[in-house]
Amino acid sequence: MSLALAVLDTNVELEANLPCRKFDPDLWFSDVPAELELAKSLCGDCPLRTACLSGAVDRAEPWGVWGGEIFERGAVVPRKRPRGRPRKEDAARDAELRTEVEARMAANELAETRSNVRLAA
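Cut-offs and rules
Think of each chain on its own: its residues are numbered from 1, step by step along the sequence as written. Local features in this predicted model are restricted to residues whose pLDDT is 70 or higher, and side-chain atom pairs enter the listing and the counts only when it is 80 or higher, whereas totals over whole chains, interfaces and linings include all residues. As a rule here, side-chain values cover all heavy atoms of the structure and leave hydrogens and water aside. Each Phe, Tyr or Trp ring, with Trp reduced to its six-membered ring, pairs with another whose centre is within 6.5 Å; inter-plane angles below 30 degrees give stacked pairs, above 60 give edge-to-face pairs, and intermediate values give tilted ones. Only DSSP runs of H or I covering at least 4 residues are called helices, and only runs of E covering at least 2 are called strands; the numbering of each starts at the N terminus. Only protein chains enter the accessibility calculation, which uses a 1.4 Å probe; a residue whose area is less than 20% of its type maximum is buried, one above 50% is exposed, and one in between is partly exposed. Only strands joined by at least two bridges in the DSSP assignment are considered to pair. Polar contacts here mean pairs of N or O atoms no more than 3.5 Å apart (in protein, one a potential hydrogen donor and the other a potential acceptor; neighbouring residues in sequence count only if both atoms are side-chain atoms). Contacts are residue-level and defined by heavy atoms, with any inter-residue pair within 4.5 Å sufficient.

Caption draft 1: Representation of the packing of aromatic side chains in the model. Applying the stated rule across the entire model yields two aromatic pairs. A centroid spacing of 5.2 Å and a plane angle of 70 degrees characterise the contact between F29 and W63, whose relative ring orientation is edge-to-face. Taken as a pair, F29 in the loop between α2 (19-22) and α3 (33-43) and W63 in strand β1 (residues 63-66) lie far apart in primary sequence, 34 residues in all. Arranged with centres 5.9 Å apart and planes meeting at 75 degrees, the rings of F29 and W66 form a pair that is edge-to-face. Here F29, found in the loop between α2 and α3, pairs with W66, found in strand β1; they are 37 residues apart in sequence, far enough to count as distant. Taking the relative accessible area as the measure of exposure, F29 reaches 31% and is therefore partly exposed.

Structure representation (structure tokens):
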């Protein structure tokens, strides 16, 4: 009797160490702004961060945290706001964060795909 051995998939070991595989997947699709910020921070050291973000941009992901950025209705948003009218200082901070998101996307070499990505205003 002979046993056939399957080819070992080395990607399985890599995927097991990714933050989105180690923690609750619902964290990356939460409605709570603080949980989304936690998910973004967990993406910080991920070796696939740039590829994940690039794939999300190409697919026009409707929502969730992808590659350390928050997508909402297909747009990259600097942070998820709670319901209700934003305070004036929050609106000013959002403008600063939008600039920061654009810089991060350029640093991840996604500037040329900027036409595919909409930054929420």
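Caption draft 2: Structural context of the pairing of strand β2 (residues 69-72). With four bridges connecting them, β1 and β2 associate as antiparallel partners. By the bridge assignment for β2, W63 is matched with E72. Hairpin remark: β1 followed by β2, antiparallel, with two residues in the connecting loop; positive phi at G67, about 60 degrees. Of the pairings in the sheet, the one linking β2 to strand β3 (residues 75-77) comprises three bridges and is antiparallel in character. Each residue of the ladder has a partner; that of E72, found in β3, is A75. Taken together, β2 and the strand that follows it, β3, pair antiparallel across an intervening segment of two residues, in which R73 is found at a positive phi of about 55 degrees.

Caption draft 3: Structural view of the side chain of S30. Inspection of the secondary structure puts S30 in the loop between α2 and α3. S30 sits in the buried class, given a relative accessible area of 9%. At 2.5 Å, the side chain of S30 and the side chain of E35 are in polar contact. Residues within four places of S30 in sequence aside, it is in contact with E35 and L36.

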